[in-house]
Amino acid sequence: MTTEAQSSQSVKIAYLGPQGTFTELALRDLAKKFELDAEGLPCLDVPTALKKVASGEADRAVIPIENSVEGGVNASLDALARTGNLRIIAETVIPIDFCLVVRKGVKAEQVKRVGTHPHAWAQCRNWVAENFPGASHVPATSTAAAAELLTGDRYPGFEAALCNRVAAASEGLETLASGIADNSQAVTRFVMVAKPGVLPAVTGADKTTLQVRLPDNEAGALLSMLEQFSARGVNLSRIESRPAGGPLGAYEFSLDIEGHILEQRVQAALVGLHRTCPQVKFLGSYESASGHEVKVLPGTSDQAFEAANDWIASLTEVQ
Ligand SMILES: O=C(O)C(=O)C[C@]1(C(=O)O)C=C[C@@H](O)C=C1
């Protein structure tokens, strides 16, 4: 058998570009971890990166999914749930801090507008308010896209950009400040996505991502969804409500649970969801970046489920 690492063919990985985004840093990190000969395909946005995988133009995509300051990256969560038939196969968590860059020669007092990705702005707005009072945000498709616009000939509508150190090192730019972060602990979680194939192996430190639609207008529907997990000792590490895309008031829940779909307690919870919820999307089981072993509560191990199934079989056996 030839693994991807041994094969001479490179793996095409679509990502939020251009070169020099935090997403590209995450891609390089994942490629190193899985020893992939990665060929990055920079995309304008996350839905485009995912579509490239769905259409077969790319083998994988790397997308930001959750930020410790701003919460879930809605554009990614929605695109992942709607693109259809894609699975998360790995994740990584990257510490985030920013540089404020300008065109060479531009002085700090000339900075009135700051271009960057909305998530980046959310992580630096207090710093900007303190150091550049009155400066406003101009949204860009990514941090590196904002930096790149500053290197062009035309005025991009802002004098400074917030980006990472890689993009800040681009020719023609000058760094006015670095190590910028309203929260010095800020991290962003990125996932690698592929078409369904072989499931990543069970490691004991796994996560499963789901998108669940609740029955409309049913009292206690959220509680009964959560009970499917609690009854099997399955812990949730993230839960977010997202509009279902139809009329006002219809919501889906995007969640990460601890455990792997090949584990019996996770399967039992999914069976319960499937019986009681109009739609359950399985978006992948994969090793968590923390590598922390999942705590399996007494009575919820695979052995406990097998023993219980054997017991039922013994009760129903024809003598
Ligand atoms: O703009 C980038 O560089 C990105 O990779 C996107 C993104 C995000 O979507 O959160 C990634 C990490 C940072 O939190 C800021 C922006």
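Because the structure is a prediction, the values reported are computed rather than measured.

So, on to unusual backbone geometry. Residue Gly-17 is joined to Pro-18 through a cis peptide bond whose omega torsion reads 0°. With respect to the element layout, Pro-18 can be found in the loop between strand 1 (11-16) and helix 1 (22-33). The phi dihedral of Glu-35 is positive, around 50°, even though this residue is not glycine. By the secondary structure assignment, Glu-35 is in the loop between helix 1 and strand 2 (38-43). Although it is not a glycine, Asn-217 sits at a positive phi angle of roughly 50°. If you trace the backbone, Asn-217 turns up in the loop between strand 12 (206-213) and helix 7 (221-230).

Right, let's get into the nonpolar core. Within the largest apolar cluster, 33 residues are counted, with the highest numbers of intra-cluster contacts made by Leu-100, Val-128 and Leu-162. No fewer than three residues from each of domain 1 (11-95 + 186-198) and domain 2 (98-180) sit in this core. In this view, Val-128 contacts Val-114, Trp-121, Pro-133, Ala-135 and Leu-162; residues no more than four positions away in its chain are not counted. Listed in part, the 20 residues of the second largest apolar core include Ala-49, Ala-61, Leu-80 and Ile-88.

The next thing to look at is helix 8 (residues 264-276). The first and last C-alpha atoms of helix 8 sit 18 Å apart over 13 residues, in line with the 18 Å expected at 1.5 Å per residue. Residues of helix 8 that are buried include every one of Arg-265, Val-266, Ala-268, Ala-269, Leu-270, Gly-272 and Leu-273, and no others. Those residues of helix 8 that are buried lie in contact with strand 12, helix 7, strand 14 (251-258), strand 15 (279-287) and helix 9 (302-316).

A separate point is the UniProt feature "site: Essential for prephenate dehydratase activity" (unreviewed entry) in the protein. If you check UniProt for "site: Essential for prephenate dehydratase activity" (unreviewed entry), the listed places come out as Thr-188 in our numbering. Looking at the secondary structure, you find Thr-188 in strand 11 (residues 187-194). Residue class for Thr-188 comes out buried when judged on its relative accessible area of 6%. With residues near it in sequence (within four places) discarded, Thr-188 still touches Pro-64, Glu-66, Asn-67, Thr-92, Val-93, Ile-94 and Ile-96. Of note is the side chain of Thr-188, whose polar atom sits 2.6 Å from the side chain of Asn-67.

Time to look at the sheet that holds strand 13 (residues 236-243). Taken together, the four strands give an open sheet; going across it, the order is 13-14-12-15, and neighbouring strands pair in antiparallel fashion. Each of the sheet's edge strands pairs with one partner strand only, and the pair in question is strand 13 and strand 15. Here the strands of the sheet are splayed against their neighbours by 15° on average, with no regard to which way each runs. Bridge count for strand 12 against strand 14 is seven bridges, and the pairing is antiparallel. In the strand pairing of strand 14, Val-212 is matched with Phe-253.

Tracing the backbone through its elements, the reader meets Lys-207 in strand 12. Of the residues examined, Lys-207 reaches a relative accessible area of 13% and is grouped as buried. A polar atom in the side chain of Lys-207 sits 3.1 Å from the side chain of Glu-91. The contact partners of Lys-207, leaving out residues within four places of it in the chain, are Glu-91, Arg-189, Ser-237, Ile-257, Gly-259, Gly-284, Ser-285, Tyr-286 and Ser-288.

Glancing now at the domain arrangement of the protein. On domain assignment, one finds that the protein holds domain 1 (11-95 + 186-198), domain 2 (98-180) and domain 3 (199-305). For domain 1 and domain 2, the distance between their C-alpha centres works out to 24 Å. The partner domain 2 presents 14 residues to the 16 residues of domain 1 that form the contact. Buried surface at the junction of domain 1 and domain 2, both sides included, amounts to about 1100 Å², of which 67% is carbon and sulfur. The largest share of the area that domain 1 buries against domain 2 comes from Pro-18, Gly-20 and Phe-22, three residues that together contribute 40% of it. Between domain 1 and domain 2 we count zero salt bridges in total. Along the contact surface separating domain 1 from domain 2 lie three residue pairs in polar contact (both at pLDDT 80 or more).

Procedures and definitions
- Residues numbered from 1 in each chain as written.
- Predicted model: local features only at pLDDT ≥ 70, side-chain atom pairs only at ≥ 80, totals over all residues.
- Heavy atoms only, no water.
- Helix = DSSP H or I, 4+ residues; strand = E, 2+ residues; numbered from the N terminus.
- Core = buried A, V, L, I, M, F, W, Y, C linked by side-chain atoms within 4.5 Å.
- Buried < 20%, exposed > 50% of the residue type's maximum accessible area, 1.4 Å probe, protein only.
- Domains from an automatic or database assignment.
- Contact = heavy atoms within 4.5 Å.
- Expected span 1.5 Å × (residues − 1).
- UniProt positions renumbered as here; feature names shortened; annotations may be inferred.
- Polar contact = N/O pair within 3.5 Å; in protein donor to acceptor, adjacent residues only side chain to side chain.
- Pairing = 2+ DSSP bridges.
- Axes fitted to C-alpha atoms, helices over the stretch in contact; angles between N-to-C directions.
- Buried area = accessible area lost by both parts, 1.4 Å probe.
- Salt bridge = Lys/Arg side-chain N within 4 Å of Asp/Glu carboxyl O.

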